[in-house]
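# Coordinates in review
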Amino acid sequence: GGEAIRPGGSFRVVLSWEVLKKPSLSYHVSVKAFDPAGKSWAQWDSPPGRSAYPTTSWSPGEWIYDTYELTLDPGAPAGRYYLEVTVYDFETLRIFPVLSPGGQVLAQHYVLGDVQVAP
């Protein structure tokens, strides 16, 4: 763990994507911070690269590193929050699930890890 984040403070999440095949849609990515009760206190949604590098521009074999800047709600209580990533089609709001290497659906969202919110 690093430093605790204060309510109203900002923090960055960097995601890396390995492109296995060219996406046919321009996906959006949502990164959220949830308290233990499941309430969201920070969120960032956008196409990768803050819309500058949509998934339709990606090529197989590429690695994409994308930064998301989240700001905690000033009313966020202290505690350990978990970070969740969702990939979806903005036009239909269809969520693309997390799959196992064998193609089984594991979850609708990917939990990255957690952050500590200071009192």
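Residues numbered from 1 in each chain as written. Predicted model: local features only at pLDDT ≥ 70, side-chain atom pairs only at ≥ 80, totals over all residues. Heavy atoms only, no water.

## Some thoughts on the pairing of strand β3 (residues 40–46)
Pairing of strand β2 (residues 27–34) with β3, which is carried by 6 bridges, proceeds in the antiparallel orientation. Within the sheet, the bridge partner assigned to Val-29 lies in β3 and is Ser-46. In sequence, β2 turns back onto β3 through a hairpin of 5 residues, with Gly-38 there showing a positive phi of about 95°. (Pairing = 2+ DSSP bridges. Helix = DSSP H or I, 4+ residues; strand = E, 2+ residues; numbered from the N terminus.)

## Concerning the layout of surface pockets
In this approach a probe as big as a water molecule rolls over the atoms, and the regions it shows empty are the leftover space. A volume near 1100 Å³ is recorded for the largest pocket. Taken together, 26 residues line the largest pocket, and the ones lying closest to its centre are Trp-17, Glu-18, Leu-20, Val-87 and Pro-97. The set of elements that each furnish at least two residues to the lining of the largest pocket consists of β1 (10–18), β2, β5 (79–89), β7 (98–99) and β9 (110–117). The element best represented in the lining of the largest pocket is β1, accounting for 4 residues. Looking at the lining of the largest pocket residue by residue, the classes come out as 17 nonpolar, 6 polar and 3 charged. (1 Å grid on protein atoms, 1.4 Å probe; cavity = no way out; pocket = protein on both sides within 12 Å on 5 of 7 lines; lining within 4 Å. Points joined across faces, edges and corners; volume = space filled by probe spheres on them. Nonpolar A, V, L, I, M, F, W, Y, C, P; charged D, E, K, R; others polar.)

## Overview of the pattern of salt bridges
Any two side chains of opposite charge can pair if their charged atoms end up close together. Taken as a whole and assessed by the stated rule, the structure comprises 2 salt bridges. Measuring nitrogen to oxygen at the nearest pair gives 2.9 Å for the salt bridge that ties Arg-12 to Glu-69. Residue Arg-12 is located in strand β1, and its partner Glu-69 is located in strand β4 (residues 63–71); the two are separated by 57 residues in the primary sequence. Looking at Arg-12, the relative accessible area reads 63%, which means it is exposed. Among the residues examined, Glu-69 registers a relative accessible area of 24% and is labelled partly exposed. (Salt bridge = Lys/Arg side-chain N within 4 Å of Asp/Glu carboxyl O. Buried < 20%, exposed > 50% of the residue type's maximum accessible area, 1.4 Å probe, protein only.)

## As for the nonpolar core
Judged by nonpolar contacts, the single largest core of 21 residues is most densely connected at Phe-11, Val-31, Leu-72 and Tyr-81. For this core, the secondary-structure elements that each account for two or more residues are β1, β2, β3, β4, β5 and β9. Setting aside its immediate chain neighbours within four residues, Val-31 contacts Val-13, Leu-15, Ala-42, Gln-43, Trp-44, Tyr-68, Leu-70, Glu-84 and Val-85. (Core = buried A, V, L, I, M, F, W, Y, C linked by side-chain atoms within 4.5 Å. Contact = heavy atoms within 4.5 Å.)

## Some words on the environment of Ser-57
Tracing the chain through its elements places Ser-57 in the loop between β3 and β4. Note on Ser-57: relative accessible area 33%, which makes it partly exposed. Note: C-alpha distance between Ser-57 and Tyr-110 (53 residues apart in sequence) is 23 Å.

## As for the packing of aromatic side chains
Applying the stated criterion across every chain, the model contains 4 aromatic pairs. Consider the rings of Tyr-27 and Phe-96, whose centres lie 4.8 Å apart with planes at 70°: the pair is edge-to-face. Placement of the pair is Tyr-27 in strand β2 and Phe-96 in strand β6 (residues 95–96), with a sequence separation of 69 residues. Residues Phe-34 and Tyr-82 carry aromatic rings whose centres are separated by 5.3 Å and whose planes lie at 20° to one another, so their mutual orientation is stacked. With Phe-34 in strand β2 and Tyr-82 in strand β5, the pair connects residues that are 48 residues apart, well separated along the chain. Its relative accessible area of 29% is what places Tyr-82 among the partly exposed residues. In this structure, Lys-39 is placed above the aromatic ring of Trp-41, and the distance from its NZ or CZ to the ring centre is 4.6 Å. (Phe/Tyr/Trp six-rings, centres within 6.5 Å; stacked < 30°, edge-to-face > 60°. Lys NZ or Arg CZ within 6 Å of the ring centre and 35° of its normal.)

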